[in-house]
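# A structural walkthrough
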2 protein chains.
Amino acid sequence: MAKAVGGGSLLIAWQLKDKHVLIVGGGEVASQRIDSILTTDAHLTVLSPHDGLHPRTKRFIDEYTERITYNDRLFAGPEDLEGMDMVLTALDDVDISREICDMCRNARIPVNAADIPDSCDFYFGSQIRDGPLQIMISTNGNGPRMANLVKKKLQNALSGVEGPAITKVGQLREMLKIRAPGVGGELGKKRMKWMTDVCNTWGMEELALLDDMVMQKLLDDGWENDRVPSFAELGGRRQPADRTTPPTLSPAIGSTIGFFAGIVCTVIVLARRK
Amino acid sequence: MAKAVGGGSLLIAWQLKDKHVLIVGGGEVASQRIDSILTTDAHLTVLSPHDGLHPRTKRFIDEYTERITYNDRLFAGPEDLEGMDMVLTALDDVDISREICDMCRNARIPVNAADIPDSCDFYFGSQIRDGPLQIMISTNGNGPRMANLVKKKLQNALSGVEGPAITKVGQLREMLKIRAPGVGGELGKKRMKWMTDVCNTWGMEELALLDDMVMQKLLDDGWENDRVPSFAELGGRRQPADRTTPPTLSPAIGSTIGFFAGIVCTVIVLARRK
């Protein structure tokens, strides 16, 4: 059970559907915050004088008129926090940022202040998104650039099939819940176990190829009989793989070809000399 | 600027240093929650009758006596929430879980209820940790098993040098802040840019090899002259790489060796025949 404890954050996926988020500030950092919040289904209010808006902030405000309410003014006081579920400050003025953080803490509203880690309830990190798949990389304040370098490594490790596969697994799970409804209990455990078995048995690429018909077959043949039929058993066919890297010669094949080429060349050379 | 918006969560690194977290329940899921909270520096209270404790929960309670307060009883009411900054329920009884969630919402305490997504302020996901580096994988409720499969892919993409490199970058940043103190402003921007340049110029393995002496040189020679000397320039030497995979023969070398082996064999065979 030994493991490094302490010193870390609790990485969580905060739910903001239909919630209200206030961003105080309009510069470059504010535009990054808007980008993050647009990932969720929150209503967003941006407070900033117009001349302080970064071009990207402006574009967001113009493009997402239904999701962003823009007020062309400075932060006015605690009344601006009313009805807010989360507040993000992105201001050059550290003192005002700290004041807003204190007000939020009094009102028990989660708050992040850009560049003032000790005033933050939570930090942001580098993110990867592929449909329902979201990945966050945090360095616990030790360097945003390093988070980006790690992000690139992780992006290279993903094939792009993960998002679609997760979407299909989510659909299969919903269909299973309709067939065997109820929250928790023995049935809930059985459902969870069967879904885990499916994910363990089928490859990520196979899961991504699931369609309604195959899902029905999987439930009829698999769930009802407490087993997991294979991809091939259900008539699944792999699409030709999308080659992103050129095929490479394996060292074994390379040396074998080389060996015979050596024989042939020697024979030719010797034959000519005769 | 086009990108898929909506439908996602806000992935954040929640700060729990010296905060108080309540876990209601003691089963297997509770043991996972305790594990997650031990990553942070929070004080933890576990509420559960003793006969409901999972062996792993028991071990945590026995081992981390200074960090975990254990109460051998059921949840009693809103008074149990007093002074709490976060509440996690891990109960089989969905109705009691929902009641606790409602109480938390009234008291504006962030809450997660295992297996009841619509009552949660936030979700958990699969996590990777390497010192200051933390990575979270969320499928937005589409399947914990899939998050684990993605986690394995990402783990394989990491060399293990990332955590130490990030630690060293954090130390360099602290040393730079002592040399050029102050929050925000032009100096803050200059510091951030120089740190970014260092991370871009030096390789991850080189950063991991930084020691106090090299950091001083880097600051004297680099920061003071607004440049980034290379690793070699500062006398850095790479340690022999820790080979975790056996060296492999490249196809080009393999076929060359094969070619000459073919020549040699043919000559020998022909020489014998003479």
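These numbers come from a predicted model, not from an experiment.

### Things to note about helix α4 (residues 144-157) of chain A
- Helix length check: α4(A) (14 residues) gives 20 Å between terminal C-alpha atoms against 20 Å at 1.5 Å per residue, within 8%.
- Buried residues of α4(A): Arg145(A), Met146(A), Ala147(A), Val150(A) and Leu154(A), and no others.

### Details of the nonpolar core
- By size, the foremost hydrophobic cluster in this structure holds 66 residues, and its most contacted members are Ile135(A) and Ile135(B).
- Every residue in contact with Ile135(B), bar those within four places of it in the chain, is listed here: Leu11(A), Ile135(A), Met136(A), Ile137(A), Val150(A), Leu154(A), Ser126(B), Gln127(B), Ile128(B), Leu154(B) and Leu158(B).
- In terms of nonpolar packing, the next biggest core, distinct from the first, is built from 46 residues, Met86(A), Ala90(A), Val21(B) and Ile23(B) among them.

### Details of the pattern of salt bridges
- Counted under the stated rule, the structure contains 20 salt bridges over all chains.
- Between Arg105(B) and Asp121(B) there is a salt bridge, with its nearest N and O atoms 3.3 Å apart. A residue pair is termed long-range when its members are at least 10 positions apart, and Arg105(B) in helix α3 (residues 94-106) and Asp121(B) in the loop between β6 (111-113) and β7 (122-123) qualify at 16 residues.
- In this structure Asp121(B) comes out as buried when scored by relative accessible area, which is 12%.
- Note that Arg179(B) is salt-bridged to Asp220(B), the shortest N-O span being 2.8 Å. Here the residue Arg179(B) occupies a position in helix α5 (residues 162-179), and Asp220(B) occupies one in helix α8 (residues 212-222), the gap between them amounting to 41 residues.
- By relative accessible area, which is 30% here, Arg179(B) ends up partly exposed.
- Connected through salt bridges with shared partners, the residues Arg179(A), Asp220(A) and Glu224(A) form a single ionic network.

### Describing the pairing of strand β8 (residues 126-130) of chain A
Residues and elements named next belong to chain A.
- Bridging between β8 and strand β9 (residues 133-138) involves five bridges; their strand directions are antiparallel. Bridge assignment links aspartate 130 to a residue of β9, and that residue is leucine 133.
- What sits between β8 and β9 in their antiparallel hairpin is a turn of two residues, with glycine 131 showing a positive phi close to 60°.

### Details of the interface of chain A and chain B
- Facing the 92 residues of chain A at the interface are 93 residues of chain B.
- Overall, the association of chain A and chain B removes approximately 8300 Å² of surface from exposure, summing both partners, and the carbon and sulfur fraction of that is 62%.
- In this assembly, chain A and chain B are joined by two salt bridges.
- Seen at the junction of chain A and chain B, the total is 39 residue pairs in polar contact (both at pLDDT 80 or more).
- Here the side of chain A that touches chain B gets 12 residues from one element, more than from any other, and that element is helix α9 (residues 251-273) of chain A.
- Grouping the amino acids of the side of chain A that touches chain B by side-chain chemistry returns 51 nonpolar, 25 polar and 16 charged.
- Bridge analysis of strand β1 (residues 10-14) of chain A against β7(B) gives two bridges, and the strand direction is antiparallel.

### What about the relation of the copies chain A and chain B?
- Once chain A has been moved 0.2 Å along the axis and rotated by 179°, it coincides with chain B to within an RMSD of 0.4 Å. What the superposition gives is, in effect, a two-fold axis relating one chain to the other.
- By residue overlap, the copies meet face to face through one surface: 100% of the interface positions of chain A are interface positions in chain B.

### Description of the pairing of strand β2 (residues 20-24) of chain A
Residues and elements named next belong to chain A.
- Burial analysis of β2 places four of its five residues in the buried class, which makes it a mostly covered element.
- Note that β2 and strand β3 (residues 43-47) share five bridges and pair parallel. The residue bridging valine 24 from the neighbouring strand is leucine 47, located in β3.
- You can see the chain leave β2, run along helix α1 (residues 28-38) and come back into β3, and the turn it takes is right-handed.
- Bridge count between β2 and strand β5 (residues 86-89): four bridges; the pairing is parallel. If you follow leucine 22 over to β5, its bridge partner there is valine 87.

### Things to note about the packing of α5(B) against helix α6 (residues 185-201) of chain B
Residues and elements named next belong to chain B.
- It is at 11 Å that the axes of α5 and α6 come closest, and there the two elements cross at 150°. Judged by the inter-axis angle, α5 sits roughly antiparallel to α6. For the pair α5 and α6, the sense of crossing is right-handed. From α5, Val169, Leu172, Arg173, Leu176 and Lys177 reach across to α6, where they touch Arg191, Trp194, Met195, Val198 and Cys199.

### Details of the UniProt feature "domain: Siroheme synthase central" (unreviewed entry) in chain A
- Per the UniProt entry, the sites bearing "domain: Siroheme synthase central" (unreviewed entry) are residues 130-156 of chain A in this numbering.
- Structurally, residues 130-156 of chain A comprises 48% helix and 26% strand, and the distance from its first C-alpha atom to its last is 13 Å.

### As for the sheet that holds strand β5 (residues 86-89) of chain B
All names here are of chain B.
- An order of β4-β3-β2-β5-β6 is seen for the five strands of this open sheet, with the pairing classed as parallel. Where the open sheet ends on each side, the last strands, each with one partner, are β4 (68-71) and β6. Taking each pair of neighbouring strands and ignoring which way they run, the sheet shows an average axis angle of 15°.
- As judged from the four bridges shared by strand β3 (residues 43-47) and β4, these two strands associate in the parallel manner. Bridging from a neighbouring strand, valine 46 pairs with tyrosine 70 of β4.
- Against the sheet, helix α1 (residues 28-38) engages β2 (20-24), β3, β4, β5 and β6, with an angle of about 170° to β2.
- Here α3 sits on the sheet in contact with β2, β5 and β6, set at roughly 170° to β6.

### Quick look at the packing of α4(A) against α5(B)
- Close contact between α4(A) and α5(B) brings their axes to 10 Å; oriented N to C, the two are set at 160°. Relative to α5(B), α4(A) is oriented roughly antiparallel. Relative to α5(B), the crossing made by α4(A) is right-handed. For the pair formed by α4(A) and α5(B), the contact residues are Pro144(A), Met146(A), Val150(A) and Lys153(A) on the first element and Glu162(B), Ala165(B), Ile166(B), Val169(B) and Arg173(B) on the second.
- In terms of residue class, the contact of α4(A) with α5(B) is made up of six nonpolar, no polar and three charged.

The rules behind each value
Residues numbered from 1 in each chain as written. Chains lettered and ligands numbered in written order. Predicted model: local features only at pLDDT ≥ 70, side-chain atom pairs only at ≥ 80, totals over all residues. Heavy atoms only, no water. Helix = DSSP H or I, 4+ residues; strand = E, 2+ residues; numbered from the N terminus. Expected span 1.5 Å × (residues − 1). Buried < 20%, exposed > 50% of the residue type's maximum accessible area, 1.4 Å probe, protein only. Core = buried A, V, L, I, M, F, W, Y, C linked by side-chain atoms within 4.5 Å. Contact = heavy atoms within 4.5 Å. Salt bridge = Lys/Arg side-chain N within 4 Å of Asp/Glu carboxyl O. Pairing = 2+ DSSP bridges. Buried area = accessible area lost by both parts, 1.4 Å probe. Polar contact = N/O pair within 3.5 Å; in protein donor to acceptor, adjacent residues only side chain to side chain. Nonpolar A, V, L, I, M, F, W, Y, C, P; charged D, E, K, R; others polar. Least-squares fit on C-alpha atoms with pLDDT ≥ 70 in both. Right-handed = clockwise from strand over helix to strand, strands pointing away. Axes fitted to C-alpha atoms, helices over the stretch in contact; angles between N-to-C directions. Parallel < 35°, antiparallel > 145°, perpendicular 65-115°, else oblique. Left-handed = near helix turned anticlockwise from the far one by under 90°. UniProt positions renumbered as here; feature names shortened; annotations may be inferred.

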